[in-house]
Structure formats: structure tokens, C-alpha cells
Amino acid sequence: MDSTFDKLDAAGFLEIWQHFDADDNGYIEGKELDDFFLHMMKRLGPQEKATEEKVQRLKQRFMSAYDVTADGKLQIQELANMILPEEENFLLIFRREAPLDNSVDFMKIWRKYDMDCSGFISAQELKAFLNDLFQQHHKQVSPVKLEEYTDTMMKMFDKNKDGRLDLNDLARILALEENFLLQFRMDANSKEERKRDFEKIFDHYDVSKTGALEGPEVDGFVKDMMELVWPNISGPDLDKLRASLLRHCDVNKDGKIQKNELALCLGVKTLKKP
């Protein structure tokens, strides 16, 4: 496989990705996947006739090795691991021991790199983010390569092509897991169940374990809560909703949401104050 794509760089990878992700949904799947492996078969054995059976065998072999999520689709990172030489695989810096599963951690990253508080990540802010990640992984990258990787990432993930990344674009880059609140049905539960669910919810967002939500903990909770009814919430809208939540729930005006304050806001009245 390495000899098939040994000269591939970030720009070449982007070209392949955009060609085979024909519907631009962030996956290579279905017919796109068959087309990709037909292309692979022709590159691996240009003198050999690419039959349907051989293409499917090749597909099965590589999907079993590289389809980490086992969903029958290729994500960007999975394709990069498959065809990019290691020294060019800039997406390796996003590999984690465990997926990013908490919106609080996600919002910490968002707040750090949305340096001008615009509610978006500009190309310059993305470049700073990538540079920091390369340094954390002890990977030396030249200024020219950093520009190339930044440009490639922007073209890959800037879905509305406005030259900046929004919350949802960054969530795709960081492979943020499913909204934590989707597992709860607070409006349909009994009081006892609502109380138990509230405890789980508060504990999830109270990452600092202080008994109050503050900073990115509030951000993460607002993001997940509003996405239940408002998919693809933007950064500026999140800021407005965060301010609104604090106005209504922060009774003692300390800039935090205490556990009992959130319980009161959500109508979980059986809770005792911590």
C-alpha cells in the first residue's frame, strides 16, 4: 500500500478525498467506496483486470484493517491512515487514546483558539491550533508545510466555504462523540428518574468537581442542551444562549451555575442543596 501512494502529500490527499466523497457528507460510503477501491485496484495492479470480485476482496481486506469505527464507511482520518505516508499524515496529530467524549473539553479547545471571540476559527487561528498540536506530538513542521496543512484542513472541514470554521466544523475535526444528553428523556420521566438523571448530567459537566458549572463547563452544557432542539448551533448563538442561561439560573450572580441553581432551572425540585 505504501508504494501505491508513497509520493502523496496533503494537497494530493485532499484531491482524492473530494473526488470520492462525491456528496460531501464527510464519508466515503456505498458506491463511493466501491469506486475508490476500483481506483485502488487499478493503481495496485495496472496490468491486472479489475473484476468486481477482486475489488470486493480488496475492499474487505482494507476495511477490516482501517475502518476503525466498523461502520462500513471511511472517515477522513481512516482514509489518511490508509493512503498517506506516515511522514505526510498530518491527521495523525488528532489520533487519541480515547475519543473526545465531553463537550466541556471540546469547548476548552474552542475558547482557547477562538482568540478574537468572534465565534469562529479563522485560518490564522487554525494554524496556531495545528502548530500547538504538532509541538505537543514533538513533530517538526516547516512554515511552508504548516501553511499547506492549514489550507488543506480548511478546505476539508469548512463546509459552507466561508473561509472559517464554526463549532460544527471543529467538532468534525476532533471527532467529538454523540451529544451526551441524547441518552436522557427528562420530560417523560418520573420525578425519581429525573432526579437520578440530573445527578448524572451535572456530574458529567462538572468536570472540575466543584459543585458548580463555570467557564467551559457552562459552554459544554449549553452546547449539548441547545443542540437537542437546534442542530448545528453557531458560536455566536451559543454565546447568546450562555448569557441567557446565566441570567436565569445564576441566582447569586457569581458567574457560575451552582448545582441547586441548575436543579431549580430544570424543575428538579426534590434535590437538596449541596
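The name that an unreviewed UniProt entry assigns to the chain is Secretagogin, with the source organism given as Cyprinodon variegatus. Comment text from UniProt for the chain, heading Subcellular location (unreviewed entry), reads "Cytoplasm".

> I would appreciate a short explanation of the packing of helix H6 (residues 123-136) against helix H7 (residues 143-157) in the present structure.
The geometry of a pair of packed helices is captured by two quantities: the angle between their axes and the separation between those axes. Remark: H6 packs on H7, axes separated minimally by 9 Å, with the N-to-C direction vectors making an angle of 120°. By the angle class used here, H6 and H7 are oblique. The two elements H6 and H7 cross, and the hand of that crossing is right-handed. Along the contact surface, H6 presents Ala123, Leu126, Lys127, Leu130, Asn131 and Phe134, while H7 presents Leu146, Glu147, Tyr149, Thr150, Met153 and Met154. Residue composition of the contact of H6 with H7, by class: 8 nonpolar, 2 polar and 2 charged.

> Which parts of the structure should I look at to understand the domain arrangement of the chain?
Put simply, an interface is often sized by how much accessible area is lost when its parts join up. Domain annotation for the chain reports domain 1 (10-83), domain 2 (90-174) and domain 3 (180-266). The straight-line distance from the C-alpha centre of domain 1 to that of domain 3 is 41 Å.

> Hey, could you run me through the UniProt feature "domain: EF-hand" (unreviewed entry) in the chain in this one?
According to UniProt, the positions carrying the feature "domain: EF-hand" (unreviewed entry) are residues 8-43, 101-136, 145-180, 193-228 and 237-272. This span, residues 145-180, is 56% helix and 6% strand, and a straight line between its end C-alpha atoms measures 36 Å.

> Hey, could you run me through a nonpolar patch on the surface in this one?
On the surface, Leu182, Leu228, Val229 and Trp230 cluster together into a nonpolar patch covering about 400 Å² of accessible area. Within the secondary structure, Val229 is located in the loop between helix H10 (216-227) and helix H11 (235-249). Residue class for Val229 comes out exposed when judged on its relative accessible area of 66%.

> In this structure, what is going on with the state of the cysteines? I would like to understand it.
Per the counting criterion, the structure on display carries 1 disulfide. One disulfide in the model links Cys249 with Cys265; its S-S distance is 2.0 Å. Here Cys249 and Cys265 share a disulfide; its torsion about the S-S bond, -130°, makes the bridge left-handed. Note that Cys249 is positioned in helix H11 and Cys265 in helix H12 (residues 259-266), a separation of 16 residues in sequence. Cys265 sits in the partly exposed class, given a relative accessible area of 35%.

Rules of the game
- Residues numbered from 1 in each chain as written.
- Predicted model: local features only at pLDDT ≥ 70, side-chain atom pairs only at ≥ 80, totals over all residues.
- Heavy atoms only, no water.
- UniProt positions renumbered as here; feature names shortened; annotations may be inferred.
- Axes fitted to C-alpha atoms, helices over the stretch in contact; angles between N-to-C directions.
- Helix = DSSP H or I, 4+ residues; strand = E, 2+ residues; numbered from the N terminus.
- Parallel < 35°, antiparallel > 145°, perpendicular 65-115°, else oblique.
- Left-handed = near helix turned anticlockwise from the far one by under 90°.
- Contact = heavy atoms within 4.5 Å.
- Nonpolar A, V, L, I, M, F, W, Y, C, P; charged D, E, K, R; others polar.
- Domains from an automatic or database assignment.
- Patch = residues over 30% accessible without salt bridge, like charges linked within 9 Å, V, L, I, M, F, W, Y side chains within 5 Å.
- Areas by Shrake-Rupley, 256 points an atom, 1.4 Å probe, with all protein chains shown as cover.
- Salt bridge = Lys/Arg side-chain N within 4 Å of Asp/Glu carboxyl O.
- Buried < 20%, exposed > 50% of the residue type's maximum accessible area, 1.4 Å probe, protein only.
- Disulfide = S-S within 2.5 Å.

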